[in-house]
Amino acid sequence: MRFDVYTPLLVSLLLPLVSPVIGRRMAPALAARVLASAAVLTAAAATWSLVLLTTALLGDAPPVVREAHEDGRPLADPVPEVIGVAACLALVVVVWRVQRAVRAERRTRRALRRLCEGHPRDTELVVAACEVPQAFAIPGRPGRILVTSAMLGALAPAERRVLLAHERAHLRHRHGRLVAAVTLAAAANPLLGPVRSAVTFLVERWADEQAATEVGDRGTTARALARAALSARPGCALNFADRAVTRRIAALQTAPPPSLWPAAAAVLALGAGAALFAADATDDLVQLLFNALT
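This structure is a prediction, so every number in the text was calculated from the model and none was measured.

**Student:** Would you take a moment to explain helix H10 (residues 245-252) for this structure?
**Tutor:** Note on helix geometry: an α-helix contains 3.6 residues per turn, so any two residues three or four positions apart are oriented the same way. Listing the buried residues of H10 in full gives Val245, Arg248, Ile249, Ala251 and Leu252. Taken down its axis, H10 places every buried residue within 160° of arc, on the same side.

**Student:** Can you help me understand the packing of helix H2 (residues 28-55) against helix H7 (residues 175-188) in this one?
**Tutor:** When two helices pack together, their arrangement is captured by the angle between the axes and the distance separating the axes. Interaxial distance between H2 and H7 falls to 9 Å at its minimum, and their mutual angle equals 35°. Crossing hand, H2 versus H7: left-handed. Residues Ala32, Arg33, Ala36, Ala39, Val40, Ala43 and Thr47 of H2 form the contact with H7, whose participating residues are Leu178, Ala181, Val182, Ala185 and Ala188. A breakdown of the residues in the contact of H2 with H7 according to their chemical character gives 10 nonpolar, one polar and one charged.

**Student:** How should I be thinking about a positive patch on the surface in this particular structure?
**Tutor:** A cluster of basic residues, Arg100, Arg103, Arg106, Arg107, Arg110 and Arg114, forms a positive patch on the protein surface. Assignment of secondary structure puts Arg107 in helix H4 (residues 81-114).

**Student:** Honestly, the pattern of salt bridges in this entry has me stumped. Any pointers?
**Tutor:** A side chain of one charge can pair with a side chain of the opposite charge if their charged atoms are brought near each other. Applying the stated criterion across every chain, the model contains seven salt bridges. When the shortest N-O distance is used, the salt bridge between Arg109 and Glu105 registers 2.8 Å. Linking Arg109 with Glu105, this pair stays in helix H4, spanning four residues, or about one helical turn. Residues Arg248 and Glu204 are paired through a salt bridge, measuring 3.8 Å at the closest nitrogen-oxygen approach. Taken together, the residues span a long stretch of sequence, with Arg248 in helix H10 and Glu204 in helix H8 (residues 193-215) at a distance of 44 residues. Because the salt bridges share partners, they merge into one network encompassing Glu204, Asp208 and Arg248.

Reading the values: rules and limits
Residues numbered from 1 in each chain as written. Predicted model: local features only at pLDDT ≥ 70, side-chain atom pairs only at ≥ 80, totals over all residues. Heavy atoms only, no water. Buried < 20%, exposed > 50% of the residue type's maximum accessible area, 1.4 Å probe, protein only. Helix = DSSP H or I, 4+ residues; strand = E, 2+ residues; numbered from the N terminus. Arc of directions from axis to C-beta. Axes fitted to C-alpha atoms, helices over the stretch in contact; angles between N-to-C directions. Left-handed = near helix turned anticlockwise from the far one by under 90°. Contact = heavy atoms within 4.5 Å. Nonpolar A, V, L, I, M, F, W, Y, C, P; charged D, E, K, R; others polar. Patch = residues over 30% accessible without salt bridge, like charges linked within 9 Å, V, L, I, M, F, W, Y side chains within 5 Å. Areas by Shrake-Rupley, 256 points an atom, 1.4 Å probe, with all protein chains shown as cover. Salt bridge = Lys/Arg side-chain N within 4 Å of Asp/Glu carboxyl O. Lys, Arg positive; Asp, Glu negative; His and termini not counted. Charge placed at Lys NZ, Arg CZ, Asp CG, Glu CD.

The structure is reproduced here in structure tokens:
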């Protein structure tokens, strides 16, 4: 436990370093999935490591270890007390940050869904009379596409097809859940903030590629994105004209990136490794408690 428990924190430093490279060189659909999965595994492992470090405060918790001391069977502290106290404080912060992120996500979804109230349940496209050009994919059952009249007016007919294909890709592949998962991971582990940014960008690239495939013209997709970006203002949720538009347009002017499955496996191995080391540290703590009982 002395070393294994800290490994998830090391992975938390490595994952943000590799995420930009993965995002540039790997197909966005695969890159978004593997980075989000690795981030969730790493955040869960790091949080569990904090739980283990807190539990390992010998002399105070858990009670069975305290009783072992009282019976005259002293045990070596697996971690310094100061680290255990720091882990306890960090755990409190983690809980607070995750709760805040969950509340923010719920507020955003409720606000977007209110904009669609009054429309039949089978209505996919909701057009809002608004002078601000914007478009959003609103997850739910059913999922909705909210587009302002100004956005539709700013696009040519072929470019409107691109916009709708882009937003349908968000709904079809449940990008909202992917972004929400990595957002909670970054809330639990702030070191993963860059990974969250990378995944949020990648789901937009993913939807761009899906739109280009459906429309059959990467140039039209790039023009639609550029035209929308000139007049749209950045917003929340999965916004068609948000998230590093210049980079997205440049990517559409080149060939789609390859899948690079070996690199994807390596990224997943980082997250899985963090989880395995946390599990090994758990086994060490359980063994410590078992020794205290026998």
